[in-house]
Amino acid sequence: MAEKNTYEVECCEEHVVHSELLQKVNEKMPKEEEISDLSDLFKIFGDSTRLKILFVLFESEVCVCDLAEILNMTQSAISHQLKVLKQSKLVSNRREGKSIFYSLADDHVRSIIAQGRDHVEED
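*Asks:* Please clarify how the nonpolar core should be interpreted in this entry.
*Replies:* Proteins that are soluble and globular tend to have nonpolar side chains buried together. The biggest cluster of nonpolar side chains holds 22 residues, and the ones touching the most others in it are Ile53, Leu54, Leu57, Leu67, Ile78, Leu82 and Leu85. Broken down by element, this core gets its largest block of residues, five residues, from helix H3 (residues 48-59). Those residues in contact with Leu85, other than ones at most four positions away along the chain, are Ile44, Arg50, Ile53, Leu54, Leu90 and Val91.

*Asks:* Got a minute to help me understand the sheet that holds strand E1 (residues 62-63) in this structure?
*Replies:* One key point about sheets: their strands pair by backbone hydrogen bonds, in either a parallel or an antiparallel sense. Strand order in the open sheet made by the three strands is E1-E3-E2, with antiparallel pairing throughout. The open sheet terminates on both sides in strands that have one partner only, identified here as E1 and strand E2 (91-96). With two bridges connecting them, E1 and strand E3 (residues 99-104) associate as antiparallel partners. Directly across from Val62, in E3, lies its bridge partner Tyr102.

*Asks:* Explain the state of the cysteines here, please?
*Replies:* Cysteine pairs can be linked by a disulfide, which is a covalent bond between their two sulfur atoms. By the definition in use, this model includes zero disulfides. This cysteine, Cys12, is not joined by any disulfide, and Cys11 carries the nearest cysteine sulfur, 7.2 Å off. Judged by relative accessible area, which is 72%, Cys12 ranks as exposed. Unpaired in this structure, Cys63 has its nearest cysteine sulfur neighbour in Cys65, at a distance of 4.3 Å.

*Asks:* I tried to follow the pattern of salt bridges on my own but got confused; where do I start?
*Replies:* Side-chain pairing between opposite charges can occur once the charged atoms of the two side chains come close. Throughout the structure, instances matching the rule amount to three salt bridges. Measuring nitrogen to oxygen at the nearest pair gives 3.8 Å for the salt bridge that ties Asp40 to Lys43. Taken together, the residues Asp40 and Lys43, both in helix H2 (residues 32-44) and three residues apart, mark about one turn of the helix. Relative accessible area serves as the criterion here: at 39%, Asp40 is assigned to the partly exposed category.

Cut-offs applied
Residues numbered from 1 in each chain as written. Predicted model: local features only at pLDDT ≥ 70, side-chain atom pairs only at ≥ 80, totals over all residues. Heavy atoms only, no water. Core = buried A, V, L, I, M, F, W, Y, C linked by side-chain atoms within 4.5 Å. Buried < 20%, exposed > 50% of the residue type's maximum accessible area, 1.4 Å probe, protein only. Helix = DSSP H or I, 4+ residues; strand = E, 2+ residues; numbered from the N terminus. Contact = heavy atoms within 4.5 Å. Pairing = 2+ DSSP bridges. Disulfide = S-S within 2.5 Å. Salt bridge = Lys/Arg side-chain N within 4 Å of Asp/Glu carboxyl O.

Right, here's the structure in full:
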């Protein structure tokens, strides 16, 4: 006997539309622009280098030189990823002399990643 794939999606046996439920859902559905913005935000978290940078910034504010050293990457590669993170309002920076220090923009970043980690660690 063949084992059933536990990830197989089951479908309804007959087509029945539940109008009241659909109306309730449609009233709560965010506008297309908001969905697009949210999708773009989650794409930012889809890059392992950007996630590594964020994990470093969880611990401390650091300059580009430090990030490059910690992640064993060039400053140019780090700067490119920081630009994406800054444009997405996930990191902020400040100048101190000739150095630029980066930090998390706010605690939302930590919360988003913490919830993602909780999800992937579920049994």
